[in-house]
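# Architecture at a glance
For reference, the chains in residue letters:
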Amino acid sequence: MPFVFVLIWSTGFIVAKFGLPYAPPLTFLLLRFLGVLAVLLPLVFIMRAPWPHGRIGHIALAGILVQAGYLGGVWCAIKLGMPAGLSALIVGMQPILTAFAAPLVGESVRGRQWIGLGFGICGVGLVVANKISLIGLSWQTIALCVFALLSITIGTLYQKRYCASFDLRTGTIIQFAASIVVVLPLAIMFEGLTPLLDTVQWTPRFVGALVWSILALSIGAIFLLFALIRKSAATQVTSLLYLTPPTTAVMAWAMFGEAFSIVGMFGMVLAVIGVALVVRK
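To keep things clear, this report deals only with the structure shown in the data block. Everything numeric here is computed off the predicted structure, so don't read it as measured data.

A word on the overall build of the protein chain. Counting its secondary structure elements, the protein chain contains 13 helices and zero strands. Counting helices and strands in the order they occur from the N terminus, the protein chain gives α-α-α-α-α-α-α-α-α-α-α-α-α. Principal-axis analysis of the C-alpha atoms places the extent of the protein chain at approximately 50 × 45 × 30 Å. Relative to its full complement of 281 residues, the protein chain shows a buried share of 56%. Split by element, the accessible area of the protein chain, about 12400 Å² in all, is 75% carbon and sulfur. Positive and negative side-chain charges of the protein chain, numbering 16 and 5 respectively, have mean locations separated by a distance of 14 Å.

In structure tokens form, the structure reads like this:
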């Protein structure tokens with residue numbers, strides 16, 4: 001399950017490369033969230049999935065942080081010129097932040113795991129080193145990526161503490177519905193969103209990116225993430241995100257011919273070793 005999660009989650013930056021040229025970031029995310037509801041709502045009613053009681057507010061807030069906060073921050077930053085490598089490095093700090101905050105959810109981090117976390121962040125840095133550039137970036141762009149980092153870190157810890165267990169079908173609906181409430185007014189305000197979706201170009205690449213985002217990322221990967229949060233320690237789960245930049249780099253090399261250096265390969269091995277040290281029982 002962790003391997004499949006990393007593989008699917010790593011396609012997020014690839015999807016951004018395909019989809020963002022044809023729609024503003026918040027509009028794309030809004031369509032993605034609506035697509036998730038369109039797929040899951042009929043299934044929930046057909047399968048009579050149970051709705052959570054007494055934790056809807058917690059589930060909704062965790063969803064806003066993980067979905068609207070994290071995705072909105074990263075996608076807006078990339079749209080404004082943030083290199084994918086730099087955004088991956090900033091967001092890649094999440095396992096370190098999660099480890100520092102682990103006592104808040106009743107978890108502890110052992111010495112071996114701290115070493116693994118250090119290896120992981122060094123490995124991520126080596127993988128994306130040749131793609132990092134600060135030239136021309138505004139403080140707003142960097143702030144958006146840092147905001148995304150804080151959102152997914154706080155959201156993961158919040159869900160682990162207050163609502164780790166819930167029916168994934170109905171819980172996911174609650175989280176994406178809450179995210180729509182947050183993203184919709186922002187898309188109208190900053191992107192000129194209209195009911196006719198005038199800012200969207202419905203090209204085959206855009207439609208393909210949107211469908212993959214709905215089915216693979218927002219349903220498949222999120223279901224796996226929630227299952228991992230329920231089953232494992234937060235530090236162990238977030239350490240898997242160290243494998244995202246190396247996996248994305250391999251995908252970008254295979255699909256777009258992007259450079260993948262010897263240093264990057266060494267960084268990938270270092271990141272894998274780091275994750276192994278964190279998750280090993």
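To continue, consider unusual backbone geometry. A negative phi angle is the norm for most residues apart from glycine, just as the trans form is the norm for most peptide bonds. Of note, the phi angle at Arg48 is positive, near 55°, even though the residue is not glycine. For Arg48, the location among the structural elements is in the loop between helix H3 (25-47) and helix H4 (56-79). For Arg48, a relative accessible area of 75% puts it in the exposed group. With a phi angle near 55°, Leu197 is a residue other than glycine that sits in the positive phi range. Inspection of the secondary structure assignment puts Leu197 in the loop between helix H9 (168-191) and helix H10 (204-231).

This next bit is on the pattern of salt bridges. For the structure on display, the rule yields one salt bridge. With its nearest N and O atoms 2.6 Å apart, the salt bridge here joins Asp167 to Arg169. For Arg169, a relative accessible area of 24% puts it in the partly exposed group.

Okay, the nonpolar core next. Counting 83 residues, the largest nonpolar core has Phe5, Trp9 and Trp75 as its most contacted members. For Phe5, the contacting residues outside a window of four places in its chain are Ala221, Leu224, Leu225, Leu228, Leu240 and Leu241.

A cluster of nonpolar side chains, namely Val39, Leu43, Ile46, Met47, Trp202, Val207, Val211 and Leu215, defines an oily patch on the protein surface of about 740 Å² accessible area. Within the residue set of the nonpolar patch, elements represented by two or more residues are H3 and H10. A total of four residues in the nonpolar patch trace back to one element, the largest contributor, which is H3. Locating Val39 in the fold gives a position in helix H3. Judged by its relative accessible area of 31%, Val39 is partly exposed.

Our next topic: the side chain of Ser151. Relative to the helices and strands, Ser151 resides in helix H8 (residues 139-162). Beyond its immediate stretch of four places on either side in the chain, Ser151 contacts Leu65, Val66, Gly69 and Tyr70.

In the structure shown here, the tally under the stated rule is eight aromatic pairs. Ring geometry for Phe5 against Trp9: centres 5.2 Å apart, planes inclined by 40°, an arrangement best described as tilted. With Phe5 and Trp9 both in helix H1 (residues 2-9), this residue pair falls four residues apart, about one helical turn. In terms of burial, Phe5 and Trp9 fall into one category: buried. Both rings, one in Phe28 and one in Trp75, keep their centres 4.8 Å apart while their planes meet at 35°; by these two values the pair is tilted. In this pair, Phe28 is assigned in helix H3 and Trp75 in helix H4, connecting sequence segments 47 residues apart. Each member of the pair, Phe28 as well as Trp75, carries the same accessibility label: buried.

The packing of two helices is summarised by the inter-axis angle and the distance between the axes. The contact between H3 and H4 brings their axes to 9 Å, and the two run at 145°. With respect to the hand of their crossing, H3 and H4 are arranged in right-handed fashion. Taken together, the residues of H4 that come into contact with H3 (itself represented by Pro25, Leu26, Phe28, Leu29, Arg32 and Phe33) are Gln67, Ala68, Leu71, Gly72, Trp75, Cys76 and Lys79. Broken down by class, the residue content of the contact of H3 with H4 amounts to nine nonpolar, two polar and two charged.

Turning our eyes to something else, we now look at the side chain of Glu191. Structurally, Glu191 is set in helix H9. Within the buried set, Glu191 has no salt-bridge partner at all; the shortest N-O distance to an opposite charge, 8.1 Å, is to Lys79. In this structure the side chain of Glu191 is engaged in a polar contact, spanning 2.9 Å, whose partner is the backbone nitrogen of Leu26. Sequence-distant contacts of Glu191, that is, excluding residues within four places in its chain, are made with Pro24, Pro25, Leu26, Thr27, Leu186 and Thr199.

Definitions and limits used
- Sequence order as written defines the numbering, with residues in each chain counted from 1.
- Per-residue local features of the predicted model are confined to residues with pLDDT of at least 70, and side-chain atom pairs are confined, for both listing and counting, to 80 or more; whole-chain, interface and lining totals are unaffected and use all residues.
- Side-chain calculation: all heavy atoms of the structure are included, whereas hydrogens and water are not.
- Helix numbering and strand numbering both begin at the N terminus, where a helix is a DSSP run of H or I of at least 4 residues and a strand a DSSP run of E of at least 2.
- Three labels apply to residues, based on accessible area from a 1.4 Å probe with only protein chains included: buried if under 20% of the type maximum, exposed if over 50%, partly exposed otherwise in between.
- Values of accessible area rely on a 1.4 Å probe in the Shrake-Rupley scheme; residue burial ignores everything except the protein chains shown.
- Under this rule, positive means Lys or Arg and negative means Asp or Glu; His and the chain ends count for nothing.
- Charged side chains are reduced to one point each, which is NZ for Lys, CZ for Arg, CG for Asp and CD for Glu.
- By convention in these notes, a salt bridge is any Lys or Arg side-chain nitrogen within 4 Å of a carboxyl oxygen on Asp or Glu.
- The criterion is simple. A nonpolar core is a set of buried Ala, Val, Leu, Ile, Met, Phe, Trp, Tyr and Cys residues joined through side-chain atoms within 4.5 Å.
- Throughout, a contact is declared for two residues whenever any of their heavy atoms are within 4.5 Å.
- Only residues whose relative accessible area exceeds 30% and that take part in no salt bridge are eligible for patches, with like-charged residues grouped when within 9 Å of each other and nonpolar side chains (Val, Leu, Ile, Met, Phe, Trp, Tyr) grouped when within 5 Å.
- Centres within 6.5 Å make a pair out of two Phe, Tyr or Trp rings, where for Trp the six-membered ring is used; the pair is then stacked when the planes are under 30 degrees apart, edge-to-face when over 60, and tilted otherwise.
- Helix axes are fitted only over the stretch in contact, all axes being lines through C-alpha atoms; the angle between N-to-C directions runs from 0 to 180 degrees.
- Helix crossings fall into two classes, left-handed where the near helix is turned counterclockwise from the far one by less than a right angle and right-handed where it is turned clockwise.
- Each residue receives one of three labels: charged for Asp, Glu, Lys and Arg, nonpolar for Ala, Val, Leu, Ile, Met, Phe, Trp, Tyr, Cys and Pro, and polar for the others, Gly being one of them.
- For this analysis, a polar contact is any N or O atom pair within 3.5 Å, provided that within protein one partner can donate a hydrogen and the other can accept it, and provided that sequence-adjacent residues contribute only side-chain to side-chain pairs.

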